[in-house]
Amino acid sequence: MKYADVRPKIQTGDVVLSSGSSVFSKIIKELTGCPWSHVAMAVWGEHVGMESGRLYVWEAAGHGVGAVDFETACYTPGVNFLSRLTNYQAGDVAWRPLAVERTAEMMQRLRVHCDVYRGIPYETNKLEMLKAVPWVRLLPLATSEKNLASQFCWESVAAIHQAMGLLPDEPQANYYSNVDYSGNDMPFLLGARLGGLVKVDFSER
């Protein structure tokens, strides 16, 4: 779907997936069997203390954790996240709408969470990030203790969904993965559910 058609449909809390070409991204995709190596959240500026009416993506990447312009997002080298990349190819980015009634309290919780965690470092512990692989989750070092002092991509999204009351507090945010966010088994609360995966075409904007 063309970006111009997708943009007005996007709501804060929706999930954005992308495919990476870095070595680590390729390892994630190979080990998990999932084509999406990066997970982020769409947010409108008015909900995260930024420019109203402007669309951002909240992500954890090489620049740390925070909101960056949806079309020109900063990214971990090789993630190939959004449109202004020389090696961008159609289908590298996908949007999943989150079907749920967004209450004022829910959006306030999102705002508070983002204010607290904006600017914290990106997680560099590769074992934490590889917990998307089922056998890695069984390793003794793959703990699920709550520690949001540094975050990797899908952990940062799950943490916000927990703060909004849309995911249970247990398991911890670092338990979820690219596989979970691209599938249909996320244990959402309040009747929330992820819609189908829509690939976004930025070739005409």
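See above for the structure.
Remember, predicted model here, so these are calculated numbers, not experimental data.

Cut-offs applied
- Residues numbered from 1 in each chain as written.
- Predicted model: local features only at pLDDT ≥ 70, side-chain atom pairs only at ≥ 80, totals over all residues.
- Heavy atoms only, no water.
- Pairing = 2+ DSSP bridges.
- Helix = DSSP H or I, 4+ residues; strand = E, 2+ residues; numbered from the N terminus.
- Core = buried A, V, L, I, M, F, W, Y, C linked by side-chain atoms within 4.5 Å.
- Buried < 20%, exposed > 50% of the residue type's maximum accessible area, 1.4 Å probe, protein only.
- Contact = heavy atoms within 4.5 Å.
- Patch = residues over 30% accessible without salt bridge, like charges linked within 9 Å, V, L, I, M, F, W, Y side chains within 5 Å.
- Areas by Shrake-Rupley, 256 points an atom, 1.4 Å probe, with all protein chains shown as cover.
- Salt bridge = Lys/Arg side-chain N within 4 Å of Asp/Glu carboxyl O.
- Expected span 1.5 Å × (residues − 1).
- Arc of directions from axis to C-beta.

### A short note on the sheet that holds strand 4 (residues 64–69)
Backbone hydrogen bonds hold the strands of a sheet together, and the pairing may be parallel or antiparallel. Taken in spatial order, the six strands line up as 4-3-2-1-5-8 in an open sheet, and their pairing is antiparallel. The sheet is open, and its two borders are formed by strand 4 and strand 8 (198–199), each paired with just one other strand. Where strand 3 (residues 55–61) and strand 4 come together, six bridges link them in antiparallel fashion. The residue bridging Y56 from the neighbouring strand is D69, located in strand 4.

### Observations regarding the nonpolar core
Residues W58, L166, Y181 and F188 are the most contacted members of the largest nonpolar core, which totals 41 residues. Counting residues per element, the ones that place at least two in this core are strand 1 (15–18), helix 2 (23–32), strand 2 (38–44), strand 3, strand 4, helix 3 (104–117) and helix 6 (153–163). The biggest single contributor to this core is helix 6, with six residues. Apart from the residues within four sequence positions on either side, F188 is in contact with L98, H161, L166, L167, Y181, R193 and L194.

### So, a nonpolar patch on the surface
Together, V23, I27 and L31 make up an exposed nonpolar region whose accessible area comes to about 260 Å². Along the chain, the position of V23 falls in helix 2. Residue V23 is classed as exposed on the basis of its relative accessible area, which comes to 63%.

### Structural notes on the pairing of strand 4
Burial analysis of strand 4 places six of its six residues in the buried class, the great majority of the element. Here strand 3 folds back onto strand 4, and the loop between the two strands holds two residues.

### Focus on the pattern of salt bridges
Applying the stated rule across the entire model yields six salt bridges. Among the salt bridges present, the one from D115 reaches R111, with a minimum N-O distance of 3.3 Å. Here D115 pairs with R111, and both are found in helix 3, just four residues apart, close to one helical turn. With its nearest N and O atoms 3.5 Å apart, the salt bridge here joins R118 to D115. R118 sits in the partly exposed class, given a relative accessible area of 32%. Residue classification places D115 among the partly exposed positions, given a relative accessible area of 44%. Within this structure, E51, R54 and D69 form a network of salt bridges that share partners.

### Some details on helix 3
Along its 14 residues, helix 3 runs 20 Å from first to last C-alpha, staying within 8% of the 20 Å computed at 1.5 Å per residue. Restricting attention to buried positions, one finds in helix 3 the residues M106, M107, L110, H113 and C114. The arc that holds the buried residues of helix 3, viewed along the axis, is 120 degrees, so those residues lie on one side. In helix 3, the exposed positions that point more than 90 degrees away from the buried face belong to A104, E105 and V116. Each element contacted by the buried residues of helix 3 is listed here: strand 2, strand 3 and helix 6. Note on helix 3: the residue one or two positions beyond its end, G119, has a positive phi of about 90 degrees.

### What about the side chain of Q162?
Relative to the assigned elements, Q162 resides in helix 6. When residues no more than four places from it in sequence are discounted, the contact partners of Q162 are L167, P168, D169, P171, Q172, A173 and Y176.

### Focus: unusual backbone geometry
Cis rather than trans, the peptide bond between E170 and P171 has omega equal to 0 degrees. Summarising the element assignment, P171 is placed in the loop between helix 6 and helix 7 (178–182). Phi at L190 takes a positive value of approximately 60 degrees, unusual for a residue other than glycine. By the secondary structure assignment, L190 is in the loop between helix 7 and strand 7 (193–194). On the basis of relative accessible area, L190 is assigned to the exposed category, the value being 61%.

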